[in-house]
Amino acid sequence: MPTAPLAVSSGRFAVGGQTYSTSRVLVHPSYNNQSLANDLAIFELNQAVTGVTPSAIFRGTPQVGQSLTLVGFGAGGTG
């Protein structure tokens, strides 16, 4: 059973030594804070990031033995 959307409406990020604020936060419409299903949000920045080359998104199929890097940020808790 989905729960109410997160109350997060803003954030600040440091990229390449520059700090950016968010202008909008889009939380997955089926986010569930009990099961953490669809635990995904997009933070739209208030201005374009300059001087940094974005990393490409891997669109292949990972193979056993390949290195994997996961990046994320979550809230702390007692779980």
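Here the structure is a predicted model, which is why all the values come from computation and not from measurement.

**Q** Can you tell me about the overall build of the protein, naming the residues and giving the values?
**A** Each helix and strand in the protein was counted, giving 0 helices and 3 strands. Within the protein, contacts between residues separated by at least 24 positions form 40% of all contacts whose residues are at least 6 apart in sequence. By element, 56% of the accessible surface of the protein is carried by carbon and sulfur atoms, the whole surface being about 7,000 Å².

**Q** Got a sec to walk through the environment of tyrosine 20? Specific residues and values, please.
**A** Tracing the chain through its elements places tyrosine 20 in strand β2 (residues 18–27). Judged by its relative accessible area of 3%, tyrosine 20 falls in the buried class. Through-space distance from the C-alpha of tyrosine 20 to that of valine 49 is 8.1 Å; in sequence the pair is 29 residues apart. Among residues more than four places away in sequence, those in contact with tyrosine 20 are Gly11, Arg12, Phe13, Val15, Leu45, Asn46, Gln47, Ala48, Val49 and Thr50.

**Q** Describe the confidence of the model for the protein, and please don't skip the residues or the numbers.
**A** The share of residues in the protein with pLDDT of 70 or more is 77%, and the mean pLDDT across the chain is 80. Within the protein, strand β1 (residues 12–15) has the poorest average pLDDT of any element, 85, and β2 the best, 89.

**Q** Give a detailed account of the pattern of salt bridges, specifying residues and quantitative values.
**A** For the structure shown, the criterion picks out 1 salt bridge. Measuring nitrogen to oxygen at the nearest pair gives 2.9 Å for the salt bridge that ties arginine 24 to glutamate 44. Residue arginine 24 is found in strand β2, and its partner glutamate 44 is found in strand β3 (residues 41–45); the two are separated by 20 residues along the sequence.

**Q** Could you give me a rundown of the packing of aromatic side chains, with the residues and numbers involved?
**A** Tallied over the entire structure, the rule returns 1 aromatic pair. Ring geometry for phenylalanine 13 and phenylalanine 43: centres 5.4 Å apart, planes at 75°, overall edge-to-face. Here phenylalanine 13 is found in strand β1, whereas its partner phenylalanine 43 is found in strand β3, with 30 residues between them in sequence.

**Q** Give a detailed account of the side chain of threonine 22, specifying residues and quantitative values.
**A** Assignment of secondary structure puts threonine 22 in strand β2. A relative accessible area of 12% places threonine 22 in the buried class. For threonine 22, the side chain forms a polar contact with the main-chain nitrogen of glycine 11, separated by 2.8 Å.

About the thresholds
Residues numbered from 1 in each chain as written. Predicted model: local features only at pLDDT ≥ 70, side-chain atom pairs only at ≥ 80, totals over all residues. Heavy atoms only, no water. Helix = DSSP H or I, 4+ residues; strand = E, 2+ residues; numbered from the N terminus. Contact = heavy atoms within 4.5 Å. Areas by Shrake-Rupley, 256 points an atom, 1.4 Å probe, with all protein chains shown as cover. Buried < 20%, exposed > 50% of the residue type's maximum accessible area, 1.4 Å probe, protein only. pLDDT = per-residue confidence, 0-100. Salt bridge = Lys/Arg side-chain N within 4 Å of Asp/Glu carboxyl O. Phe/Tyr/Trp six-rings, centres within 6.5 Å; stacked < 30°, edge-to-face > 60°. Polar contact = N/O pair within 3.5 Å; in protein donor to acceptor, adjacent residues only side chain to side chain.

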